[in-house]
Amino acid sequence: MKILHKEILARSNNLYIIRLEIIAPEISRKAKAGQFVVLMVNEKGERIPLTIVDKDIENATITLIFQEAGLTTKLLGRLNPGDSLYALVGPLGNPTEIERYGRVILVGGGVGIAEIYPVAKALKEKENQITTILGARTKDLLILEEKLKKISDEFYITTDDGTYGRKGFVTDILEELLSSKIKAMGYKLVYAVGPIPMMRRISEITSSYNIKTIVSLNAVMVDATGMCGCCRVTVAGKTYFSCIDGPEFDAHLVDWEELKKRNRIYQDKEKHICNLYRI
Ligand code: NAD
Ligand code: FES
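If you're wondering where the values come from, they're calculated on a predicted model, not measured in any experiment.

What about the overall build of the protein?
Part 1 of the reasoning: The number of helices and strands found in the protein is 10 helices and 16 strands.
Part 2 of the reasoning: Principal axes of the C-alpha set define a box for the protein whose edges measure 55 × 40 × 35 Å.
Part 3 of the reasoning: The contacts in the protein between residues at least 6 apart in sequence include a share of 64% that link residues at least 24 apart.
Part 4 of the reasoning: Split by element, the accessible area of the protein, about 13900 Å² in all, is 50% carbon and sulfur.
Part 5 of the reasoning: The positive charge centre, built from 39 side chains, and the negative charge centre, built from 35, are 1 Å apart in the protein.

What about the packing of helix 5 (residues 170-179) against helix 7 (residues 196-209)?
Between two packed helices, the angle of one axis relative to the other and the distance separating the axes together describe the packing.
Part 1 of the reasoning: As a packed pair, helix 5 and helix 7 sit with axes 10 Å apart at the nearest point and diverge in direction by 10°. With respect to helix 7, the element helix 5 is oriented roughly parallel. Where helix 5 approaches helix 7, its residues Val170, Thr171, Leu174, Glu175, Leu178 and Ser179 are matched on the opposing element by Met198, Arg201, Ile202, Ile205, Thr206 and Tyr209.
Part 2 of the reasoning: For the contact of helix 5 with helix 7, the residue count by class is seven nonpolar, three polar and two charged.

Quick word on the sheet that holds strand 6 (residues 61-67)
Remark on secondary structure: sheet strands pair via backbone hydrogen bonds, oriented parallel or antiparallel.
Part 1 of the reasoning: Ordered by their spatial adjacency, four strands build an open sheet running 1-2-6-5, and the pairing between neighbours is antiparallel. Among the strands making up the open sheet, the edge pair consists of strand 1 (3-12) and strand 5 (54-56). With strand direction ignored, the average angle separating the axes of adjacent strands in the sheet is 20°.
Part 2 of the reasoning: As paired strands, strand 2 (residues 15-23) and strand 6 are joined by seven bridges and run antiparallel to one another. Across the sheet, the residue bridging to arginine 19 is isoleucine 65, located in strand 6.

Examining the environment of alanine 219
Part 1 of the reasoning: With respect to the helices, strands and loops of the structure, alanine 219 is situated in the loop between strand 13 (212-216) and strand 14 (232-235).
Part 2 of the reasoning: The buried category is assigned to alanine 219, whose relative accessible area is 6%.
Part 3 of the reasoning: A sequence separation of 61 residues divides alanine 219 from threonine 158, and the C-alpha atoms of the two residues are 26 Å apart.

Here's the deal with the site of ligand 1
Part 1 of the reasoning: The local shell around ligand 1 holds 21 residues, among which Val111, Glu115, Arg137, Asp160 and Ser216 are the closest.
Part 2 of the reasoning: Here an oxygen atom of ligand 1 sits 3.3 Å away from a polar atom, N or O, in the main chain of alanine 136.
Part 3 of the reasoning: The contact in question runs from an oxygen atom of ligand 1 to an N or O atom on the backbone of valine 170, over 3.1 Å.
Part 4 of the reasoning: In the complex, 78% of the free accessible area of ligand 1, which totals 850 Å², lies under the protein chains.
Part 5 of the reasoning: Of the residues forming the shell around ligand 1, the biggest block, three residues, is contributed by helix 7.
Part 6 of the reasoning: The class makeup of the residues in the shell around ligand 1 is nine nonpolar, nine polar and three charged.

Examining the sheet that holds strand 16 (residues 248-250)
Part 1 of the reasoning: Spatially, 11-10-9-8-12-13-16 is the arrangement adopted by the seven strands of the open sheet, whose pairing is mixed. With one partner strand each, in any of the chains shown, strand 11 (166-167) and strand 16 form the two edges of the open sheet.
Part 2 of the reasoning: Contacts from helix 5 reach strand 8 (103-109), strand 9 (129-136), strand 10 (154-159), strand 11 and strand 12 (187-193), with the element oriented near 150° to strand 9.
Part 3 of the reasoning: Relative to strand 12, helix 7 is tilted by about 165°, and along the sheet it contacts strand 8, strand 12 and strand 13.

Considering the packing of helix 7 against helix 9 (residues 256-263)
Part 1 of the reasoning: Here helix 7 crosses helix 9 at 175°, and the two axes come no closer than 11 Å. On the basis of the axis angle, helix 7 is roughly antiparallel to helix 9. Along the contact surface, helix 7 presents Ile196, Met199, Arg200 and Ser203, while helix 9 presents Trp256, Glu257, Leu259, Lys260 and Asn263.
Part 2 of the reasoning: Looking at side-chain class alone, the contact of helix 7 with helix 9 contains four nonpolar, two polar and three charged residues.

Remarks on the packing of aromatic side chains
Aromatic ring pairs are described here by two measures, namely the spacing of the ring centres and the angle between the planes.
Part 1 of the reasoning: If you walk through the whole model with that rule in mind, you get one aromatic pair.
Part 2 of the reasoning: Here the aromatic rings of tyrosine 240 and phenylalanine 249 are separated by 6.0 Å at their centres, their planes lie at 50°, and the arrangement is tilted.
Part 3 of the reasoning: Positioned over the ring face of tyrosine 187 is arginine 103, at 4.7 Å from the centre of the ring.
Part 4 of the reasoning: The positively charged end of lysine 139 is found above the aromatic ring belonging to tyrosine 164, 5.2 Å away from the centroid.

Cut-offs used in this document
Residues numbered from 1 in each chain as written. Chains lettered and ligands numbered in written order. Predicted model: local features only at pLDDT ≥ 70, side-chain atom pairs only at ≥ 80, totals over all residues. Heavy atoms only, no water. Helix = DSSP H or I, 4+ residues; strand = E, 2+ residues; numbered from the N terminus. Contact = heavy atoms within 4.5 Å. Areas by Shrake-Rupley, 256 points an atom, 1.4 Å probe, with all protein chains shown as cover. Lys, Arg positive; Asp, Glu negative; His and termini not counted. Charge placed at Lys NZ, Arg CZ, Asp CG, Glu CD. Axes fitted to C-alpha atoms, helices over the stretch in contact; angles between N-to-C directions. Parallel < 35°, antiparallel > 145°, perpendicular 65-115°, else oblique. Nonpolar A, V, L, I, M, F, W, Y, C, P; charged D, E, K, R; others polar. Pairing = 2+ DSSP bridges. Buried < 20%, exposed > 50% of the residue type's maximum accessible area, 1.4 Å probe, protein only. Near = heavy atom within 4 Å. Polar contact = N/O pair within 3.5 Å; in protein donor to acceptor, adjacent residues only side chain to side chain. Phe/Tyr/Trp six-rings, centres within 6.5 Å; stacked < 30°, edge-to-face > 60°. Lys NZ or Arg CZ within 6 Å of the ring centre and 35° of its normal.

Okay, here's the thing in structure tokens:
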């Protein structure tokens, strides 16, 4: 649970995206693409889920990438190599179904880019043809460009402000790719991770082309073992727990409106607690 390396991957104003390499031999040995860990920074802190972005079995480490957003990620961002986490459990959640689909589009928005990386790697190893679309608010917040470019057959970047790549949203590129009839017929899967409005829009677009679309949901979690019910999501009208049934679901069946509301429940409290800690 000791931090071996720390790197600031991106920084824009007060927004930091940080990469930590953590010694975790058991997790490193077992982790598969799509799985996550739950960690606590200190004894009294909350438990937060983070995707396992990479692993190095030889060095017994796992890599986590996170954006400083609330209190816990800010406290995590203050740790340095040599410091230890209070608790770390994983790998949790179901691994991504890695098959030989053929042509696959991976869409990563903001810090969600970190989460498509292990999936892209695993799909590439299965000899899929990878089209990657990355989107960030601005050039300074774009992460993992080189790593993803290396394993992609086609590669696109958008920034909201036009400081890099194409000006606009990832969905602009997706719509263009799919509206080219011959290409649309060739894509077998879209895999997307990012903010809820992005995943929701992607789902709308791909459902009109009837292309299987998988999203990894960032539901609020507490125990991550199916006990508390906090991470419940409605998929195809049924209740599922994101931690044990997910975190990936069929985007076309997710109740996006409910997910949006549930993810906002603690927003005010989060701001209040950050103010209390002056962080
Ligand atoms: P962001 O707001 O910077 O957006 C990233 C990209 O998503 C944008 O550049 C754009 O291309 C696309 N996008 C955003 N809104 C869109 C819309 N309405 N339509 C189409 N495309 C859109 O993202 P961020 O700051 O990295 O993350 C914001 C939120 O996403 C946070 O609340 C975070 O918790 C959540 N998140 C979720 C996951 C997950 O597991 N699903 C992963 C990372 C982040
Ligand atoms: Fe408690 Fe999923 S986090 S049931």
